[in-house]
Amino acid sequence: MMKRLFATLFAVFIAVSPPTALAAQPSSHQLVRVDQSELTYHLSQRTEDPQGILLMFQGSGCNSVATNENISLFGPIIAPDHAIVTIEKYGVAVGATDPENCSEDYWEHATIQQRIIDALQVIASLRGQDWWDGDLVVFGGSEGGAVAAMLAPLVPETDAAIIFSSGIGWPVGDMIRAAIPPQAGEEFDTVIASARANPTGSIQWGGASYRWWANSVDLVPALALVGSDFPLLLVHGERDQFAPVETARASQQIWVEHNRPNTTYREYAGHDHFMVDAEGTNHNIEVFADIAEWLDGQTISTNQD
């Protein structure tokens, strides 16, 4: 029972990525990583004319990003004039929809850090394409929020970043520990100690491999944004059951203490991790309309030479 509880928690931890159907059928493209494995990304262009990119990161788990209906729905709401780029995680086949049967490669390699490395490679490839006008908006929900927060400052083209339902202001391990039942805390601490001692992909717990736990537990993604000045929006639900709202408030506090400019924090009273209120009403459409309005109000300058 406890194993199922943690698997469920991890599956939604950091996993909300946005949802209207794409203007064009996404095309899939392959690159080769330095270890000779295949890296796949998907591109949905609005037009053949120069346009910006909305780079979107989904949450945890080994389902293919190509099957993520939230991304296809909310991406066009956030930035209707931008092409949408998504990236398959290491070891995830295009179209995969079985979270109970992740590949060995996924368990061994699909860490937050690997997702950042993959994104840097994809962006480097896209720089040589004439249709990209040099503008980049980075969006991530849940685990994808941690990826987005740590990636955005590394990319000179970043014009804005949006972090959605992601507790990036605490160490990842502390955030997850705060979200699990108190009686599970001792088991969690034991697992983390074991993962640090043996960071392998061959052992899994709570929906993640020991390698993922060892690589992620101490990360505080909000700190990566301290030295940047592009517009930044953090969106969080006050009733978030998987990334406690205190973890989002801590992010805002970090940025205030470091005098980070162009930072906006929006906390939605009564909303949970999925922007559902206590009566069960889903407010995603309104929240993503707010996000789109915020982005539209930012000064986005083209990075073309």
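Before reading on, note that the structure itself is shown above.
Per chain, the residues get numbers from 1 upward, laid out in the order the sequence is written. Per-residue local features are limited, in this predicted model, to residues with pLDDT of at least 70; the limit for side-chain atom pairs, both in listing and counting, is 80 or more; totals at the level of whole chains, interfaces and linings are taken over all residues. By convention in this description, side-chain values take in all heavy atoms of the structure and omit both hydrogens and water.

**Notes on the nonpolar core**
Then, number 1: The biggest cluster of nonpolar side chains holds 56 residues, and the ones touching the most others in it are Leu55, Phe57, Leu151 and Trp213.
Then, number 2: Excluding residues that lie within four positions of it along the chain, Leu55 makes contacts with Val85, Ile87, Ile123, Leu136, Val137, Val138, Phe139 and Leu151.
Then, number 3: If you look at the next biggest cluster of nonpolar residues, it comprises 22 residues, including Ile162, Met275, Val287 and Leu295. Residue types Ala, Val, Leu, Ile, Met, Phe, Trp, Tyr and Cys, when buried and joined through side-chain atoms within 4.5 Å, form a set referred to as a nonpolar core. Burial status follows relative accessibility: with a 1.4 Å probe on protein chains alone, a residue under 20% of its type maximum counts as buried, one over 50% as exposed, and anything between as partly exposed. Any two residues whose heavy atoms approach within 4.5 Å are treated as being in contact.

**Quick look at the packing of aromatic side chains**
Then, number 1: Side-chain rings of Phe, Tyr and Trp, where Trp is taken by its six-membered ring, are said to pair if the distance between their centres is within 6.5 Å; with planes under 30 degrees apart they count as stacked, over 60 as edge-to-face, and otherwise as tilted. Taken as a whole and assessed by the stated rule, the structure comprises ten aromatic pairs.
Then, number 2: Ring geometry for Phe188 and Trp205: centres 5.9 Å apart, planes at 50°, overall tilted. On the criterion of sequence distance, the pair formed by Phe188 in helix H7 (residues 185-197) and Trp205 in strand S7 (residues 204-205) is long-range, its members being 17 residues apart. The residues Phe188 and Trp205 share a single accessibility class, namely buried.
Then, number 3: Ring plane angle 70° and centroid distance 6.1 Å describe the contact between Phe242 and Phe274, whose orientation is recorded as edge-to-face. In this pair, Phe242 sits in the loop between strand S9 (232-237) and helix H9 (245-257) while Phe274 sits in the loop between strand S10 (263-268) and helix H10 (284-296), placing the two residues 32 residues apart along the sequence.
Then, number 4: Classification of Phe274 as partly exposed rests on a relative accessible area of 28%.
Then, number 5: Aromatic rings pair up to connect Phe74, Phe139, Phe164 and Phe288 into one cluster.
Then, number 6: Of note, Arg260 hangs over the ring of Phe230, and the distance from its end group to the ring centre comes to 5.1 Å. In this description a helix means any DSSP run of H or I spanning at least four residues, a strand means any run of E spanning at least two, and both kinds are numbered starting from the N terminus. The rule is short: NZ of Lys or CZ of Arg within 6 Å of the ring centre and within 35 degrees of the ring normal puts a charge over the ring.

**Overview of the packing of helix H2 (residues 69-78) against H10**
Then, number 1: Where H2 meets H10, the axes come as close as 8 Å, and the angle between the chain directions of the two elements is 35°. For the pair H2 and H10, contact is made by Phe74, Ile77 and Ile78 and by Asn284, Ile285, Phe288, Ala289, Ile291, Ala292 and Leu295, respectively.
Then, number 2: Split by residue class, the contact of H2 with H10 holds nine nonpolar, one polar and no charged. To get an axis, a line is fitted to the C-alpha atoms, and for a helix only the part in contact is used. The angle between two axes follows their N-to-C directions and goes from 0 to 180 degrees. Side-chain classes are defined by residue name, with Ala, Val, Leu, Ile, Met, Phe, Trp, Tyr, Cys and Pro counting as nonpolar, Asp, Glu, Lys and Arg as charged, and the others, Gly among them, as polar.

**Some remarks on the packing of helix H6 (residues 172-179) against H7**
Between two packed helices, both the angle of their axes relative to each other and the distance between the axes serve to describe the pair.
Then, number 1: Interhelical geometry of H6 versus H7 gives an angle of 155° and a closest axis separation of 10 Å. Taken together, the axes of H6 and H7 are roughly antiparallel relative to one another. Judged by the twist between their axes, the crossing of H6 over H7 is right-handed. When H6 is examined against H7, the residues Gly173, Ile176 and Arg177 are found in contact with a partner set consisting of Gly185, Glu186, Phe188 and Asp189.
Then, number 2: Broken down by class, the residue content of the contact of H6 with H7 amounts to two nonpolar, two polar and three charged. Put simply, angles under 35 degrees are roughly parallel, angles over 145 are roughly antiparallel, angles from 65 to 115 are roughly perpendicular, and the rest are oblique. Here is the rule for handedness: rotate from the far helix to the near one, and if that takes an anticlockwise turn smaller than a right angle the crossing is left-handed, while a clockwise turn gives right-handed.

**Some points on the sheet that holds strand S3 (residues 51-57)**
Then, number 1: By the convention used here, strands pair only if DSSP detects at least 2 bridges between them. If you walk across this open sheet you meet the eight strands as S1-S2-S4-S3-S5-S6-S9-S10, and the pairing is mixed. Only two strands of the sheet have a single neighbouring strand rather than two, namely strand S1 (27-32) and S10. Each adjacent strand pair in this sheet contributes to an overall mean axis angle of 20°, direction not counted.
Then, number 2: Summarising the sheet, S9 and S10 pair through six bridges and their orientation is parallel. The residue bridging Leu233 from the neighbouring strand is Thr264, located in S10.
Then, number 3: Each of S3, strand S5 (132-141) and strand S6 (158-164) touches helix H5 (residues 143-151); the most contacted strand, S5, lies at about 140° to it.

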